[in-house]
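Understanding the architecture of this molecule
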Amino acid sequence: MEPNLSADFTLPAWLPDAVRLYLDHTEEGLSLRQLARREGVAASTVMRQVRRYEARRDDPLVDEALAALARANVQGSVCPADPQMKDIPDMTLPLRPTPIALDEAGIAREGRRILRRMAEPGAVMAIAPDMEKAAVLREAADGRMVQTAVLERAVAQAFALKDWIACRKQGRLTTYDITQTGRAALKRMVEEEDRRRMGHPGMAEAYASFTAPKQVWCGAEEDGARRLRCTVAESPVAVLARRRDKDGRVFLEPDLVTAAERLREDFELAQMGPRMAQNWDRIVTGLDMVLPRGESGPVGAPAIARERVALALRDLGPGLGDVALRVCCFLEGLEVAERRMGWAARSGKIVLRIALQRLRRHYDETYGRSGPLIG
């Protein structure tokens, strides 16, 4: 009789099939031919998948995750009351957080949050052997590395098993890049989330209000059927920053890109989104700096960040504030912004550069050359 996984232990549903084959072969003792017959594929196909994950055990996160899955299988196969358990030595090292308890919903939620940050230009995920959490870092325009996200070690392990991230460099601090598989997964998850939101009655009504001509939040087409997004890999400002004029000079200077990044980071830290969108006209025109009476807003760091965003937009004023909000914060493409603002084609980049020059001056005059501290 072929060995099977213990009935007391079930592999997570989100695990790739290749990982299941690897564990069945290495931990349960099933031969490659047995697995091939079970799956209805050629034995060479199973062998390639098994060998691939065996080779990937050089990756610390993959090795930790596979070891944890194997250990959980053994523990689930032996009853704690079994007398043979007394012969198993106690562990002297603390257990690492493992991806075993994560479900598909949790993986998708963290995937949308983390992979979006890792898809940004110059972004890497960093983790060390003694770190319980990993951090996503991105190189800013001035060369500094800024932290943009934090995730549990178990989530990072799951990402590695799903081939969403790949090890770039090992050492005291191991770094990871997003893979093409990770980018494709992020695109799929973002589209699924948009469809889910549009299918919710309350959200459908909310989205309709955001597309009104006088509102600044313009994340959907006029018919409310589809939300517009720029490419998840980079923002419109990053794309524009690579362009050069006929003399070879960059269209956006590094300090202008830094100003755009600061506005976006403050916007995200302030937890601004659809719920506050209806108040943005009043904020941009300088008529409202606070939430309406009786409405509770973010506290602590989000409240401070929201005040910084409001001050910046008030300084820019209508027009410049609108394009900065659309392109820098909502990541709306320049062509879309031009159409919605009623501007001539290819004029958006000129207005955006003027807005960023004004924004840079605002930060310099308000906070000094170092700019506001994020967080």
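All values reported here derive from a predicted model rather than from experimental measurement.

1. Some thoughts on the overall build of the chain
Scanning the chain from terminus to terminus reveals 16 helices and 5 strands. Taking all 375 residues of the chain together, 45% fall into the buried category. Considering only contacts within the chain whose residues lie at least 6 apart along the sequence, 64% involve residues at least 24 apart. About 20,000 Å² of surface is accessible on the chain, with carbon and sulfur atoms providing 52% of the total.

2. What to know about helix H6 (residues 153-161)
Counting buried positions over the 9 residues of H6 gives 9, a clear majority of the element. Listed as buried for H6 are Arg-153, Ala-154, Val-155, Ala-156, Gln-157, Ala-158, Phe-159, Ala-160 and Leu-161. One or two residues past the end of H6 sits Asp-163, with phi positive at roughly 65°.

3. What to know about the pattern of salt bridges
Opposite charge on two side chains permits pairing when their charged atoms draw close. Across all of its chains, the model carries 22 salt bridges by this definition. With its nearest N and O atoms 2.8 Å apart, the salt bridge here joins Asp-163 to Arg-52. Of this pair, Asp-163 sits in the loop between H6 and strand E4 (165-169) while Arg-52 sits in helix H3 (residues 43-55); the two residues are 111 residues apart in sequence, bridging distant segments of the chain. What makes Asp-163 buried here is its relative accessible area of 19%. Here Asp-163 ties to Arg-56 by a salt bridge, and the two come within 4.0 Å at their closest N and O atoms. Residue Asp-163 is found in the loop between H6 and E4, and its partner Arg-56 is found in the loop between H3 and helix H4 (60-77); the two are separated by 107 residues along the sequence. One exposure class covers both Asp-163 and Arg-56, and it is buried. In the salt-bridge network here, residues are joined through shared partners; they are Arg-117, Glu-120, Arg-138, Glu-261, Arg-264 and Glu-265.

4. Thoughts on the nonpolar core
Core analysis: the biggest nonpolar cluster contains 44 residues, and Val-19, Leu-61, Met-125, Leu-151, Phe-159, Leu-161 and Ile-165 have the highest contact counts within it. It is H6 that contributes the most residues to this core, 6 residues altogether. Residues within four places of Leu-151 in sequence aside, it is in contact with Glu-110, Arg-113, Ile-114, Met-125, Lys-133, Ala-134, Ala-135, Val-136, Ala-156 and Phe-159.

5. Brief notes about helix H16 (residues 348-367)
Over its 20 residues, H16 runs 28 Å from end to end, which matches the ideal 28 Å to within 8%, given 1.5 Å per residue. Of all the residues in H16, the buried ones are Gly-348, Leu-352, Ala-355, Leu-356, Leu-359, His-362 and Tyr-363. Angularly, the buried residues of H16 cover 115° about the axis, an arc narrow enough to put them on a single face. Count one or two residues on from H16 and you reach Gly-368, which has phi positive near 90°.

6. As for the side chain of Asp-266
Along the chain, Asp-266 falls in helix H10 (residues 254-269). For Asp-266, a relative accessible area of 1% gives the class buried. A polar contact of 2.4 Å, which involves the side chain of Asp-266, links it to the side chain of Arg-308.

7. Structural notes on the packing of helix H2 (residues 32-39) against H3
It is at 8 Å that the axes of H2 and H3 come closest, and there the two elements cross at 115°. As summarised for this structure, H2 and H3 are arranged roughly perpendicular, according to the angle between their axes. Both H2 and H3 take part in a crossing whose hand is right-handed. Contact residues: Leu-32, Leu-35 and Ala-36 in H2; Ala-43, Val-46, Met-47 and Val-50 in H3. Among the residues making up the contact of H2 with H3, the classes are represented as 7 nonpolar, no polar and no charged.

8. Remarks on the environment of Pro-99
In this structure, Pro-99 sits in the loop between H4 and helix H5 (104-118). By relative accessible area, Pro-99 is classed as buried at 1%. Along the primary structure Pro-99 and Ala-154 are separated by 55 residues, whereas in three dimensions their C-alpha atoms are 4.5 Å apart. What Pro-99 contacts, discounting residues up to four positions off in sequence, is Pro-12, Trp-14, Ala-65, Ala-154, Gln-157 and Ala-158.

9. As for the layout of surface pockets
Taken as a whole, the second largest pocket encloses approximately 420 Å³ of empty space. Lining of the second largest pocket is provided by 21 residues; of these, Pro-121, Glu-139, Ala-238, Val-257 and Glu-261 occupy positions nearest its centre. Sorting the residues of the lining of the second largest pocket by element identifies strand E2 (133-139), helix H9 (236-241) and H10 as the ones contributing at least two each. For the lining of the second largest pocket, the element with the highest residue contribution is H10, accounting for 5 residues. For the lining of the second largest pocket, the class distribution of residues is 11 nonpolar, 2 polar and 8 charged.

10. Points about the packing of aromatic side chains
Considering all chains together, one arrives at 3 aromatic pairs under this definition. Aromatic side chains Phe-267 and Phe-330 sit 5.1 Å apart centroid to centroid with 85° between the ring planes, which places their arrangement in the edge-to-face category. In this pair, Phe-267 sits in helix H10 while Phe-330 sits in the loop between helix H14 (320-329) and helix H15 (334-341), placing the two residues 63 residues apart along the sequence. Summarising the burial analysis for this pair, Phe-267 and Phe-330 share the class buried. For the pair Tyr-363 and Tyr-367, a centre-to-centre distance of 6.0 Å together with 45° between the ring planes defines the contact as tilted. Of this pair, Tyr-363 and Tyr-367 both sit in helix H16, separated by 4 residues, roughly a single helical turn. If you follow Lys-349 out to its NZ or CZ, it ends over the ring of Phe-251, 5.4 Å from the centre.

About the cut-offs
- Residues numbered from 1 in each chain as written.
- Predicted model: local features only at pLDDT ≥ 70, side-chain atom pairs only at ≥ 80, totals over all residues.
- Heavy atoms only, no water.
- Helix = DSSP H or I, 4+ residues; strand = E, 2+ residues; numbered from the N terminus.
- Buried < 20%, exposed > 50% of the residue type's maximum accessible area, 1.4 Å probe, protein only.
- Contact = heavy atoms within 4.5 Å.
- Areas by Shrake-Rupley, 256 points an atom, 1.4 Å probe, with all protein chains shown as cover.
- Salt bridge = Lys/Arg side-chain N within 4 Å of Asp/Glu carboxyl O.
- Core = buried A, V, L, I, M, F, W, Y, C linked by side-chain atoms within 4.5 Å.
- Expected span 1.5 Å × (residues − 1).
- Arc of directions from axis to C-beta.
- Polar contact = N/O pair within 3.5 Å; in protein donor to acceptor, adjacent residues only side chain to side chain.
- Axes fitted to C-alpha atoms, helices over the stretch in contact; angles between N-to-C directions.
- Parallel < 35°, antiparallel > 145°, perpendicular 65-115°, else oblique.
- Left-handed = near helix turned anticlockwise from the far one by under 90°.
- Nonpolar A, V, L, I, M, F, W, Y, C, P; charged D, E, K, R; others polar.
- 1 Å grid on protein atoms, 1.4 Å probe; cavity = no way out; pocket = protein on both sides within 12 Å on 5 of 7 lines; lining within 4 Å.
- Points joined across faces, edges and corners; volume = space filled by probe spheres on them.
- Phe/Tyr/Trp six-rings, centres within 6.5 Å; stacked < 30°, edge-to-face > 60°.
- Lys NZ or Arg CZ within 6 Å of the ring centre and 35° of its normal.

The quantities given are spatial measurements derived from coordinates; they are silent on function.
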